[in-house]
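# Breakdown of the fold
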Amino acid sequence: MSNYQPPTCWICGDQANTSEHRIKKADLVRSYGRGPYKGSLAPVHVRNGLVTAIQGPRAAVVKYSPSLCGPCNSTRTQAYDLAYDRFVSWVLENEETVLYKRFINFADVYGADFEESQRNLFKYFVKSFGCRLVDAGTPIPADLVALLPEKSFCTALKLTFCVNEDILLLPQVTRSVFLGKGALIAWASKDAPSIHTGYTWNEHVSWLTMNYWYSQPSEGYMGSTWIADGQYLYLGSIQPLSSEERAAFLEKIHDDVET
Ligand SMILES: [Zn+2]
């Protein structure tokens, strides 16, 4: 194919030769250990209804197609990755308190330098969202690329965080390994369905659901909006299962515990 264009890094425009993990490696290691993963307790990756066993945290199935150059996937974004790892570890370690209070104070997570760290956390979510958009073949909105080197910025991306109450029904050991991503949804007007006017998406680690709203109004019950501009995250609450599904779910958990 003579017209083959090598993929370009969506952050800097250089040739893209590395892939971001669909499910973050640190989340996999935190939940399942370093691998290799075998047996019935091994993690599986469910995508478009297809279940694939994951062999280890570097398994190709958990990666997107290449969309970043080496430096943009490592040194340039390392502080973002570290801020995210610290955030998720802290939330899971302080799960009981967080679930009782239903808010997160970044000063508790990061200490006195929380301002820079919460900004890096937001930039981690921008990186994750950008890689998801590229994977869907969607152009990256310019404001997302432009904000990465900045200390203050305007963006159409908002995040909200909520508790998935149905995941909370699972025993702690089971729910702590529940990682995943929701469907990326593009919004458009009925008159021009091919022109995307906004996107929504979500990712979750255990009960903690992280919701992305790009140029779309957020749902108030899914948490207060945050754009790297606040010390506190106020958590929303979702119950995705219907009452029938929840009853069946609880029965299944009960059976699993019995056997
Ligand atoms: Zn790059």
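Residues numbered from 1 in each chain as written. Predicted model: local features only at pLDDT ≥ 70, side-chain atom pairs only at ≥ 80, totals over all residues. Heavy atoms only, no water.

## So, the overall build of the protein chain
From N to C terminus, the protein chain includes 9 helices and 10 strands. Within the protein chain, contacts between residues at least 6 apart in sequence are counted, and of these 68% link residues at least 24 apart. For the protein chain, the exposed surface amounts to about 13,700 Å²; the carbon and sulfur share of it is 53%. (Helix = DSSP H or I, 4+ residues; strand = E, 2+ residues; numbered from the N terminus. Contact = heavy atoms within 4.5 Å. Areas by Shrake-Rupley, 256 points an atom, 1.4 Å probe, with all protein chains shown as cover.)

## What about helix H3 (residues 78-93)?
Taking 1.5 Å of rise per residue, the 16 residues of H3 would be expected to cover 22 Å, and the 22 Å separating its terminal C-alpha atoms lies within 8% of that figure. By the burial criterion, the buried members of H3 are Tyr-80, Asp-81, Ala-83, Tyr-84, Asp-85, Phe-87, Val-88, Trp-90, Val-91 and Leu-92. (Expected span 1.5 Å × (residues − 1). Buried < 20%, exposed > 50% of the residue type's maximum accessible area, 1.4 Å probe, protein only.)

## Here we look at unusual backbone geometry
A positive phi is found at Ser-206, a non-glycine position, where the angle reads about 55°. Among the structural elements, Ser-206 can be located in the loop between strand S7 (198-205) and strand S8 (208-214). A positive phi is found at Ala-228, a non-glycine position, where the angle reads about 60°. Structurally, Ala-228 is set in the loop between S8 and strand S9 (232-234).

## Some remarks on the nonpolar core
It is characteristic of soluble globular proteins that their nonpolar side chains tend to be buried jointly. Residues Phe-87, Phe-125, Phe-129, Phe-161 and Trp-226 are the most contacted members of the largest nonpolar core, which totals 56 residues. If you list the elements that add at least two residues to this core, you get H3, helix H4 (95-101), helix H5 (106-110), helix H6 (114-135), helix H7 (142-147), strand S4 (157-164), S7 and S8. Top element by residues in this core is H6. It accounts for 9 residues. Once you skip the residues sitting within four places of it in the chain, Phe-125 turns out to touch Tyr-84, Leu-159, Phe-161, Glu-203, Met-210, Tyr-212 and Trp-226. (Core = buried A, V, L, I, M, F, W, Y, C linked by side-chain atoms within 4.5 Å.)

## Quick look at the coordination of the zinc ion
Tetrahedral coordination by four donors places them ideally at 109.5 degrees to one another around the metal; octahedral coordination by six donors ideally gives 90 or 180 degrees. Listed as protein donors to the zinc ion are Cys-9 (SG), Cys-12 (SG), Cys-69 (SG) and Cys-72 (SG); their distances from the metal cover 2.3 to 2.4 Å. Each donor residue of the zinc ion lies on the same chain, and together they follow the pattern C-x2-C-x56-C-x2-C. Here Cys-12 is found in the segment before helix H1 (25-32), whereas its partner Cys-69 is found in the loop between strand S2 (50-53) and helix H2 (70-73), with 57 residues between them in sequence. Using a relative accessible area of 35% as the deciding quantity, one classes Cys-12 as partly exposed. (Donors = N, O, S within 2.8 Å, 3.2 Å for Na, K, Ca; no water.)

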